[in-house]
Amino acid sequence: MNTQEAIAQRIQQLCDERQITINRLAVISGIPRSTVKNIFYGKSKNTGIITLKKICDGLDICLADFFDTDVLRRLEQEIR
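Residues numbered from 1 in each chain as written. Predicted model: local features only at pLDDT ≥ 70, side-chain atom pairs only at ≥ 80, totals over all residues. Heavy atoms only, no water.

### Focus on a nonpolar patch on the surface
Okay, step 1: Taken together, the side chains of I49, I50 and F67 define a hydrophobic patch exposed on the protein surface, amounting to about 290 Å² of accessible area.
Okay, step 2: One can find F67 in helix α5 (residues 63-67).
Okay, step 3: According to the relative accessible area criterion, F67 is partly exposed, its value standing at 34%. (Patch = residues over 30% accessible without salt bridge, like charges linked within 9 Å, V, L, I, M, F, W, Y side chains within 5 Å. Areas by Shrake-Rupley, 256 points an atom, 1.4 Å probe, with all protein chains shown as cover. Salt bridge = Lys/Arg side-chain N within 4 Å of Asp/Glu carboxyl O. Helix = DSSP H or I, 4+ residues; strand = E, 2+ residues; numbered from the N terminus. Buried < 20%, exposed > 50% of the residue type's maximum accessible area, 1.4 Å probe, protein only.)

In structure tokens, the structure reads:
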């Protein structure tokens, strides 16, 4: 799994826990639905930290909480 896939998986996990859709996430985060969908469907190859911060704000968590998960901790180095 690469970093982008892990980020999408983490966002999905957080939405599932809160029982919200990706459309609702876009609204509460103040970002375009297309941006959230692009993250989910792998069209976004480099999700920016500002976008992640807005998603975290919408989910009422901090960035540290977002990244504090086994999936993101176990990522292999992508630079070879």
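Let's pick the thread back up.
### Describing the state of the cysteines
Okay, step 1: Using the criterion set out here, one finds zero disulfides in the structure.
Okay, step 2: Free of any disulfide, C56 has its nearest neighbouring cysteine sulfur in C62, separated by 7.3 Å.
Okay, step 3: Exposure remark for C56: the relative accessible area of 0% places this residue in the buried category. (Disulfide = S-S within 2.5 Å.)

### Focus on the packing of helix α2 (residues 22-29) against helix α4 (residues 49-59)
Okay, step 1: Running from N to C, α2 and α4 cross one another at 100°; their axes reach a closest spacing of 8 Å. Looking at the two axes, α2 sits roughly perpendicular to α4. Across the interface between the two elements, L25, I28 and S29 of α2 pack against K54, I55, G58 and L59 of α4.
Okay, step 2: Of the residues assigned to the contact of α2 with α4, the class counts are four nonpolar, two polar and one charged. (Axes fitted to C-alpha atoms, helices over the stretch in contact; angles between N-to-C directions. Parallel < 35°, antiparallel > 145°, perpendicular 65-115°, else oblique. Contact = heavy atoms within 4.5 Å. Nonpolar A, V, L, I, M, F, W, Y, C, P; charged D, E, K, R; others polar.)

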